[in-house]
Amino acid sequence: MSPDTAVRPRVEGAPMTAEPVLSPDYRDQGHRFPDDFVFGSATASYQIEGGVHEDGRGPSIWDTFSHTAGTTANGDTGDVADDHYHRLDTDLDLMARYHLDAYRFSIAWPRIQPTGSGPVNRAGIDFYNRLIDGLLERGISPTCTLYHWDLPQALEDAGGWPNRDTAERFAEYAAICGEAFGDRIEQWTTLNEPWCTAHLGYGIGVHAPGRQDPLDLLRSVHTLNLAHGLGVQALRSSVQRPDAKYSITFNLQTVIPASDAPGDLEVAEKVRHVNNRLFTSPVMFGRYEPELLEITRRYTDWGFVRDGDLQAIHQPIDVLGLNWYTPAWVKQVKPFALESEGSWIPTTNIGVDDVRAVASDLPATDMSWPIEPSGLERQLLDMAAEFPGVPLVITENGCAYDDPVVGGRCHDARRVDYLTRHISAVRRAMSQGAPVVGYYVWSLMDNFEWAEGYGKRFGITHVDYETQVRTPKDSALWYSRLASTKILPPTDDID
Ligand code: IFM
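As the structure is a computational prediction, the values presented were derived from the model and not from experiment.

A.B. asks: Please clarify how the overall build of the protein chain should be interpreted in this entry.
C.D. replies: In terms of helices and strands, the protein chain carries 15 helices and 15 strands. For 495 residues, the compact-globule formula gives about 23 Å, and the C-alpha radius of gyration of the protein chain, at 21 Å, lands near that figure. Overall, the C-alpha framework of the protein chain stretches about 55 × 55 × 45 Å when taken along its three principal axes. Of the contacts formed within the protein chain by residues at least 6 apart in sequence, a portion of 78% connects residues at least 24 apart. Summed over all atoms, the accessible surface of the protein chain reaches about 17600 Å², with 50% contributed by carbon and sulfur. Of the charged side chains in the protein chain, 43 are positive and 70 negative, and the gap between their average positions amounts to 3 Å.

A.B. asks: Sorry, what's going on with helix α8 (residues 194-203) here?
C.D. replies: Owing to its 3.6 residues per turn, the α-helix brings residues three or four apart onto one side. For α8, a buried count of 10 out of 10 residues is recorded, marking the element as mostly surrounded by other parts of the structure. Those residues of α8 that fall on the buried side of the exposure criterion are Pro 194, Trp 195, Cys 196, Thr 197, Ala 198, His 199, Leu 200, Gly 201, Tyr 202 and Gly 203. Phi for Gly 205, located one or two positions after α8, is positive at around 75 degrees.

A.B. asks: It is not clear to me how helix α15 (residues 474-485) should be interpreted in this structure. Could you clarify?
C.D. replies: Here α15 spans 17 Å end to end across 12 residues, near enough to the 16 Å set by a 1.5 Å rise per residue. Most of α15 is tucked away: 9 of the 12 residues are buried. Buried within α15 we find Asp 474, Ser 475, Ala 476, Leu 477, Trp 478, Tyr 479, Ser 480, Leu 482 and Ala 483. Structurally, α15 contributes buried residues whose contacts are with β1 (38-42), α3 (88-97), α14 (413-431), β13 (436-442) and β15 (470-472). Lys 486 lies just past α15 and shows a positive phi near 65 degrees.

A.B. asks: Before we go on, may I ask you to explain the environment of Asp 264 in this structure?
C.D. replies: Note that Asp 264 resides in helix α10 (residues 262-285). Among the residues examined, Asp 264 registers a relative accessible area of 6% and is labelled buried. Each C-alpha atom of the pair Asp 264 and Trp 450 lies 32 Å from the other, and the pair is 186 residues apart in sequence. When sequence neighbours within four positions are dropped, the list of residues in contact with Asp 264 reads Pro 257, Ala 258, Ser 259, Lys 331 and Gln 332. A distance of 2.8 Å separates polar atoms of two side chains, one belonging to Asp 264 and the other to Ser 259.

A.B. asks: Explanation requested: the side chain of Thr 300 in the structure shown.
C.D. replies: Tracing the sequence through the fold places Thr 300 in the loop between α11 (290-295) and α12 (309-313). According to the relative accessible area criterion, Thr 300 is buried, its value standing at 10%. Here Trp 302 takes part through its backbone nitrogen, which lies 2.8 Å from a polar atom of the side chain of Thr 300. In contact with Thr 300, not counting residues within four places along its chain, are Leu 215 and Leu 218.

A.B. asks: Got a minute to help me understand the sheet that holds β13 in this structure?
C.D. replies: The strands making up a sheet associate through hydrogen bonds between their backbones, and the pairing can be parallel or antiparallel. With respect to topology, 8 strands assemble into a closed barrel ordered β1-β2-β3-β4-β5-β7-β12-β13, the strand pairing being parallel. Each strand of the sheet is rotated relative to its neighbour by a mean of 25 degrees, with strand direction disregarded. Summarising the sheet, β1 and strand β2 (residues 102-106) pair through 3 bridges and their orientation is parallel. The partner of Ser 41 across the bridge, within β2, is Tyr 103. Its contacts with the sheet place helix α9 (residues 214-238) against β3 (141-147), β4 (187-192) and β5 (245-250), and it is angled at close to 160 degrees to β4.

A.B. asks: Would you mind going over the sheet that holds strand β6 (residues 255-257) with me for this structure?
C.D. replies: Spatial ordering of the open sheet is given by β6-β8-β11, a layout of 3 strands whose pairing is mixed. The open sheet has two free edges, formed respectively by β6 and β11 (355-357), since each of these has just one partner strand. Strand-to-strand twist in this sheet, taken as the mean axis angle between neighbours without regard to direction, amounts to 40 degrees. Pairing geometry for β6 and strand β8 (residues 328-332), over 3 bridges, is parallel. Following the sheet pairing, Ile 256 is matched in β8 by Trp 329. On the sheet, α10 packs against β6, β8 and β11 and is oriented at approximately 125 degrees with respect to β8.

A.B. asks: What is the right way to read the pairing of strand β12 (residues 392-397) from this model?
C.D. replies: Two faces belong to every sheet, and in a regular strand the side chains alternate between them. With 6 of 6 residues buried, β12 lies mostly within the body of the structure. Bridge count between strand β7 (residues 319-323) and β12: 4 bridges; the pairing is parallel. By the bridge assignment for β12, Leu 320 is matched with Leu 392. Summarising the sheet, β12 and β13 pair through 4 bridges and their orientation is parallel. Each residue of the ladder has a partner; that of Ile 394, found in β13, is Tyr 439. Taking the sense of rotation as the criterion, the β-α-β connection linking β12, α14 and β13 turns out right-handed.

Conventions and cut-offs
Residues numbered from 1 in each chain as written. Predicted model: local features only at pLDDT ≥ 70, side-chain atom pairs only at ≥ 80, totals over all residues. Heavy atoms only, no water. Helix = DSSP H or I, 4+ residues; strand = E, 2+ residues; numbered from the N terminus. Rg over C-alpha atoms; globule rule 2.2 N^0.38 Å. Contact = heavy atoms within 4.5 Å. Areas by Shrake-Rupley, 256 points an atom, 1.4 Å probe, with all protein chains shown as cover. Lys, Arg positive; Asp, Glu negative; His and termini not counted. Charge placed at Lys NZ, Arg CZ, Asp CG, Glu CD. Buried < 20%, exposed > 50% of the residue type's maximum accessible area, 1.4 Å probe, protein only. Expected span 1.5 Å × (residues − 1). Polar contact = N/O pair within 3.5 Å; in protein donor to acceptor, adjacent residues only side chain to side chain. Pairing = 2+ DSSP bridges. Axes fitted to C-alpha atoms, helices over the stretch in contact; angles between N-to-C directions. Right-handed = clockwise from strand over helix to strand, strands pointing away.

Dropping the structure here:
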């Protein structure tokens, strides 16, 4: 693949909309980021920790799901993953070697409360204390996500995210974490990508808990929003650090209409409502948009939203997290039946029956995600316009490529190229006024990529899953140069 073809999408059927494709390149070497710009790296508990039966951890929905036949590639599970639970110091040393300003990790709820409510498991608290203290000793700021998808199984058995009670349980858990770790955590994130929980977990069922029901999907959207609001309140009243920051991370879709035709523009708006605004409007503005209610009317009247819920959800936040990998191109098609005889045909575009995703023939990563850095620039500028004054942080960005270790080195030039282009896109958005304060590369190391198992490698560190040997990839060496200088290095700066 020639990286230089990566910027101008050719889309099946129709010319692209006249939105700017800002440069034929996006490799802005030599540009300096502000001194206080945060370069970090991210992981999530179930994807790296392993040790699933240890020290009182309870089962999560991902333990159950991944042990169910046919749910993950090769039947892979997170039972061992990167064995991070037992290799904490090794991994902390890697982060120090990479000069990370910050490390974004998630706490496994079932390590803290094995059944999602009730007594606290001291050993779980101890593990994250060791992690947080180890970070601070190395001068790395801890950025903590409370929920990155490993719901305690007992809460799923009680109804899961469609059950509003789960929001109350989440607030209790948030308060426990705020009290235990709040003296040291600089930035808190309530939820990671609630879209995935609701749409993939309850709507189309490709993620845990694997349910396929449109009403469950929409109910879980509301419970997740409520959990965020109650969670921020619980953190604010339990955390002792007055300068702590609170946030949520969305994987907003950058929806690009396939043409300027009114139908394509209209359908793109609908897709934004059912994938983005169903979270951003309540969280940022305290409302569900009338368009969302209209599009989803055939499934529910949203009667489960109670008086006071929207005020509870709409809490001030200090920073907004974005996870971003690729845009989505859409076009309008003749409406098709989403349902036959009451059955649900799983789709993430719930209620939008005149849309089709348009394939791109851009070069793509191992996830088949097309590479289009101008999409990230556009997304950041859109967010800056939509949420004025709210600092933005890219809490995840990265790519899956499988490059071997040869002679102790892992040459992942495609990842260096991807990161260069996307960090350039961030810089370009900043130079046009987007208030971006940080960037976390996904991921610190290869790990369990959910339903895709271990075959998809996102790490800047190669992990040999047989031996658990970690090998910094070229991208890690390149990224450490960026983190230590704040200047975008040339792509061959990998000493
Ligand atoms: O691995 C995931 C992560 O858990 C959430 N965001 C997307 C990543 C890549 O798919």
